[in-house]
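# Summary of structural features
If you want the building blocks of each chain, they are given just below.
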Amino acid sequence: MILDRKFWIRLMMLAAKSGTKWGGMACLAIAFAVSFSTSINAQSSGSAGQAQQANGRTDPGIANNQQFGVQTNGQGRGVAVKSKKTRMHLSLDAAAGVDTNPYSVPSDPDINGDQVGADMVLRLRPGLAMSNSDAAILWDTGFTFDWGMMPGVFNERTQNNLLYHANAHAGLEFNRGAPMSFAIRDTVGAFSDPGQVSLGQVQSRINNDFLAGLAFKPGGGALVLRTDYNFGFERYITPIGFEEGSSNMANGDFDSMRHYAHARVDWRFFPRTGAYLDLRGGAHVFPFSDVNPDSYPFWVRTGILGQFSRKSSGVVSLGYGNPFVMDTPTGGGEKTLVTASFPGVIGHMEYRWFPNMTTQIAGGLKRDVTPAAVYQYVANSRAYVQFQQKFGRKMTASGDVSYGILEFGDEQYSGPYPFTTKPTGRVDQNIGARLELGYSVFEWMSVGLMERFAYRITEANMVDSLSGRVSGNLSFLRNELFVIGSVRY
């Protein structure tokens, strides 16, 4: 089944990179890490005790902990379309900077062949968003197109490698704020990400997520019941230069589908503090191949979140999560539940302090688990500290430092040798730091600087799939520094 070693090497290195952003398919493709942070626009991220805010929206909508409800406001002034209740927002982000390791290649020369080298990166992200407000039926729609390239100013090997991310969404919500409300939303994205070993090769995929749910608020709204259903799929496009059936990507080995049902109960026993119970479960399957095992994950969480005092807020939650992976056990045999003994304790503790109107300091611990290709699952335990400081009404500084531990399931390989020297029991460490400084030139325009650092530490070394020879270590170091400009009108 393992037909293309280079793609598998890229997947292994991705497993050593993903850090705190593991999703259901996170170990399948590397997301090129030049992103535009909303904090550059000098807007507060809010506290755990406040209603979640998305582009100025304070009503959490049906899915309290997801960007699911319709966005009724945007940044900047907006442009009136047809009526005062309909708004259109145009946006443009631009970034230029230096990346010391654009492809997150391991630092060991035995693997990267001295490919690690700093280079300049350019990015543009135009966008359009439209929405209405003050209506029984709310809607919003929009798209962004993220284009990037490396001109090869410092490193000719990266010249003319074109990268893009495209995203479009549309949503409808009926009767927000009423005792019974309903919403549907669909998001589709297309991604092209750089390969980790052979510069010039990219991994392209299409992802779609559909969400439909309803909310019930009996009485005065102190009790809120929510339920929703999510269907998603991810399709990998045949790599450039490969014929159908010539590689794992082309075979559909990593194409997946997700069916998740979600239910949540929120009870507000104080004006700004409440308790919740959250259940989520379903199926994460690879319908076109048996390279990666199917799983039937389940999560249950309960906790308290809110504003505990005039200057502090936070969240305390505890629960159980298990990917429930159905796979062939070590040594062969019929498929069985291989995560029966998985220690599925998950949870989140965060304390956020507001010493004054311009300062926020937060710290916390978080642990979760999710299904993943290549490794069955990944459990992520992370400690972090965050801060935000406003200087007047126009300038904001923010940053965070984190330390994480990633626990991997068993490697999925069919040859005589595993991909790494840690086919079972692999544990990686991740150290990350970010610092941003943003200045609002006008209400609709801001500029800023972003510094980001990532250091992955692992005991896993690469193993040659044909000879079994052990090569270099998969640890890597990366640093990014960018100048960013954003326009929201």
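Residues numbered from 1 in each chain as written. Predicted model: local features only at pLDDT ≥ 70, side-chain atom pairs only at ≥ 80, totals over all residues. Heavy atoms only, no water.

On to the overall build of the protein chain, then. Along the backbone of the protein chain there are 3 helices and 23 strands. In the protein chain, buried positions account for 48% of the 489 residues. Summarising the internal contacts of the protein chain: among those between residues at least 6 apart in sequence, 63% fall at separations of at least 24. Entry remark: accessible area of the protein chain is about 21,700 Å², with carbon and sulfur atoms responsible for 61%. (Helix = DSSP H or I, 4+ residues; strand = E, 2+ residues; numbered from the N terminus. Buried < 20%, exposed > 50% of the residue type's maximum accessible area, 1.4 Å probe, protein only. Contact = heavy atoms within 4.5 Å. Areas by Shrake-Rupley, 256 points an atom, 1.4 Å probe, with all protein chains shown as cover.)

With that settled, the discussion passes to the environment of Ser313. Mapped onto the fold, Ser313 is located in strand E12 (residues 312–322). When its relative accessible area of 0% is taken as the criterion, Ser313 is described as buried. For the pair Ser313 and Glu350, spaced 37 residues apart in sequence, the C-alpha to C-alpha distance is 8.3 Å.

Residues other than glycine seldom take positive phi values, yet Phe324 does so here, at roughly 45°. You can see Phe324 is positioned in the loop between E12 and strand E13 (326–327). Positive phi outside glycine occurs at Val374, with the angle close to 70°. Its place among the elements puts Val374 in the loop between strand E16 (359–372) and strand E17 (376–391).

Pairing analysis gives 14 bridges linking E17 to strand E18 (residues 395–408), with the strands arranged antiparallel. Bridge assignment links Phe387 to a residue of E18, and that residue is Gly399. Alignment of E18 against strand E19 (residues 427–442), held across 13 bridges, turns out to be antiparallel. Within the sheet, the bridge partner assigned to Tyr403 lies in E19 and is Ile431. (Pairing = 2+ DSSP bridges.)

Let's shift gears to the packing of aromatic side chains. Applying the stated criterion across every chain, the model contains 9 aromatic pairs. When the centroid spacing of 5.1 Å and the interplanar angle of 70° are considered together, the rings of Phe342 and Tyr377 count as edge-to-face. Pair noted here: Phe342 is in the loop between strand E14 (336–337) and strand E15 (345–356) and Tyr377 is in strand E17, with a separation of 35 residues, a long-range link. With 4.7 Å between their ring centres and 55° between their planes, Tyr375 and Phe408 make a pair best called tilted. Taken together, the positions of Tyr375 in the loop between E16 and E17 and Phe408 in strand E18 put the pair 33 residues apart, joining distant regions of the chain. Since its relative accessible area comes to 4%, Phe408 is described here as buried. Chaining the aromatic ring pairs together yields one cluster made of Trp267, Phe269 and Phe270. Above the plane of the ring of Tyr276 lies Arg264, whose end atom (NZ or CZ) is 4.2 Å from the centre. Here Arg426 stacks its cationic end above the ring of Phe408, 4.8 Å away from the centre of that ring. (Phe/Tyr/Trp six-rings, centres within 6.5 Å; stacked < 30°, edge-to-face > 60°. Lys NZ or Arg CZ within 6 Å of the ring centre and 35° of its normal.)

A few words now on the pattern of salt bridges. Within this structure, the stated rule accounts for 21 salt bridges. One salt bridge in this structure joins Arg123 and Asp146, with 2.9 Å as the shortest N-O distance. You can see Arg123 sitting in strand E3 (residues 119–132) and its partner Asp146 sitting in strand E4 (residues 137–150), a full 23 residues away along the chain. The exposure class of Arg123 is buried, given its relative accessible area of 2%. Ionic contacts of the salt-bridge type, sharing partners, join the residues Asp99, Arg452, Arg478 and Glu480 into one network. (Salt bridge = Lys/Arg side-chain N within 4 Å of Asp/Glu carboxyl O.)

Okay, the environment of Met445 next. Structurally, Met445 is set in strand E20 (residues 445–458). Its relative accessible area of 24% is what places Met445 among the partly exposed residues. Separated by 42 residues in the primary sequence, Met445 and Val487 have C-alpha atoms spaced 4.4 Å apart. Leaving out residues up to four positions away in the same chain, Met445 has contacts with Tyr439, Ser440, Ser486 and Val487.

Let us now look at the pairing of strand E22 (residues 470–473). Sheet topology note: the strand E21 (residues 461–463)/E22 ladder contains 2 bridges and is antiparallel. Pairing of Asn461 across the sheet is with Asn473, part of E22. The hairpin formed by E21 and E22 contains 6 residues between the paired strands, and Gly468 there has a positive phi angle of roughly 80°.

Looking at the secondary structure, you find Gln307 in strand E11 (residues 298–309). Judged by relative accessible area, which is 16%, Gln307 ranks as buried. Reaching out from Gln307, the side chain makes a polar contact with the backbone oxygen of Ser309 at a distance of 3.3 Å. (Polar contact = N/O pair within 3.5 Å; in protein donor to acceptor, adjacent residues only side chain to side chain.)

Our next topic: the side chain of Glu411. In this fold, Glu411 is placed in the loop between E18 and E19. Buried and unpaired, Glu411 has no salt bridge, with Arg426 as the nearest side chain of opposite charge at 5.0 Å. Excluding residues that lie within four positions of it along the chain, Glu411 makes contacts with Val374, Tyr375, Pro418, Phe419, Thr420, Lys422 and Pro423. (Lys, Arg positive; Asp, Glu negative; His and termini not counted.)

What follows is about the confidence of the model for the protein chain. With 76% of its residues at a pLDDT of 70 or more, the protein chain shows a mean pLDDT of 79. Counted against residues more than four places away or in other chains, residues 196–200, with its pLDDT under 50, gives 20 contacts. (pLDDT = per-residue confidence, 0-100.)

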